[in-house]
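# Reading the structure
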Amino acid sequence: MYPIARSLLFRLDPETTHGMALNALDALHKVGGIKRVYGEPVSDPVELMGLRFPNRVGLAAGLDKNADHLDALGELGFGFVEVGTVTPKAQPGNPKPRLFRLVGHEAIINRFGFNNKGVEHLVAQVKKRHYNGIVGINIGKNLSTSVEHALNDYLACLNAVHGSADYIAVNISSPNTPGLRTLQFGEQLDALLGPIRAKSRELDAQAGRNVPLLVKIAPDMSEEEVALVAGSIARNELDGVIATNTTVSRDAVSDDPQAQEAGGLSGKPVFEASNTVIRLLRAHLPTLPIIGVGGIDSGEAAKAKMAAGADLVQLYSGLIYQGPALVQQCAKALKQGE
């Protein structure tokens, strides 16, 4: 059924299609149709970071930036859903068009630029949720905030979302906010993660519960750079890492007419780059929880991500090309792969 729907949807502008698909999913959810179409969620519970995940397959940040579709997406069978990236103040993001399909490569380029309705809106939406899986909130900085003052935005978001999040992910790896990726290395990374970690512990103590703190990193790093990032993660005692965000490399899609569009490339071409970073991280951080994301388009791909060293996986672009049935397919494959 989905290939027919996809052929129709792919005739439209990608960002228009994105909104239409989410609205259609909401409508199906309201009449109780999602479980009738896709079945009951796979039960494959796993304990990680002090949290109990119903299964090991999650939704990556970026698809539901404002938590406006959280219940409908959760009902597809995700063990966890990550919403955001959210910034302290609402912002429109980059000019359109800013989303491009590279169909021959089953890939997507986006340069959204953290378009979102602001942290107050997202928190209000998360508080209304009925979805009983794990909800992560991905936080970032506003475009108008300089890199030198980025910490202020992250702390503002952390303070705002702490009471509603099951875990919090610090996004320092989007290629669509100028200068953001410079925060991934050396003293700048320690200067960012140290105060965020300290504030999160303060909030944990006040709330009487621990909210795991993770960082999301890019795939465009050398072995030496991954080692530096791993060192900072260990020094600042983060609870986990999400590997990886989109890539700025176009090597795998150089023959596509849209390859030179600015933005982050996701989908199948990122699969091996993401796996390489996961393997390196696992070597440096043998016990740290890793959420693997990038190019998962089948149950076998999800198993390969776990074999590289991930503890959980997230989907995004694969959903666009394979359809919502991919969620259950991956969850079943990981359960059977035990």
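First things first, this report covers the structure right here in the doc. (Residues numbered from 1 in each chain as written. Predicted model: local features only at pLDDT ≥ 70, side-chain atom pairs only at ≥ 80, totals over all residues. Heavy atoms only, no water.)

To continue, consider the sheet that holds strand S11 (residues 264–267). Read across the open sheet, the three strands follow the order S5-S6-S11; overall the sheet is antiparallel. With one partner strand each, in any of the chains shown, strand S5 (99–102) and S11 form the two edges of the open sheet. In this sheet, adjacent strand axes meet at a mean angle of 25° when their direction is disregarded. Here S5 pairs with strand S6 (residues 107–110) via four bridges, running antiparallel. By the bridge assignment for S6, Leu99 is matched with Asn110. (Pairing = 2+ DSSP bridges. Helix = DSSP H or I, 4+ residues; strand = E, 2+ residues; numbered from the N terminus. Axes fitted to C-alpha atoms, helices over the stretch in contact; angles between N-to-C directions.)

What follows concerns the side chain of Asp71. Mapped onto the fold, Asp71 is located in helix H4 (residues 70–74). If near-sequence neighbours (up to four positions away) are discounted, Asp71 is found in contact with His29, Lys128, Arg129, His130 and Tyr131. (Contact = heavy atoms within 4.5 Å.)

This part is about the nonpolar core. One finds Phe78, Ile139 and Leu281 to be the most contacted residues of the largest nonpolar core, which totals 72 residues. When sequence neighbours within four positions are dropped, the list of residues in contact with Phe78 reads Asn55, Val57, Gly58, Leu59, Leu73, Tyr131, Leu315, Leu319 and Val327. In terms of nonpolar packing, the next biggest core, distinct from the first, is built from 15 residues, Met49, Phe80, Tyr167 and Leu312 among them. (Core = buried A, V, L, I, M, F, W, Y, C linked by side-chain atoms within 4.5 Å. Buried < 20%, exposed > 50% of the residue type's maximum accessible area, 1.4 Å probe, protein only.)

Right, let's talk about the sheet that holds strand S12 (residues 290–293) for a bit. One closed barrel holds the eight strands; their spatial order is S3-S4-S7-S8-S9-S10-S12-S13, and the pairing between them is parallel. Between one strand axis and the next, the sheet turns by 25° as a mean value, whatever way the strands run. Set on the sheet, helix H5 (residues 119–127) makes contact with strand S4 (80–86) and strand S7 (134–139); between it and S4 the angle comes to about 160°. Sheet strands touched by helix H6 (residues 150–161): S4, S7 and strand S8 (167–171). Its angle to S7, the strand with the most contacts, is close to 160°.

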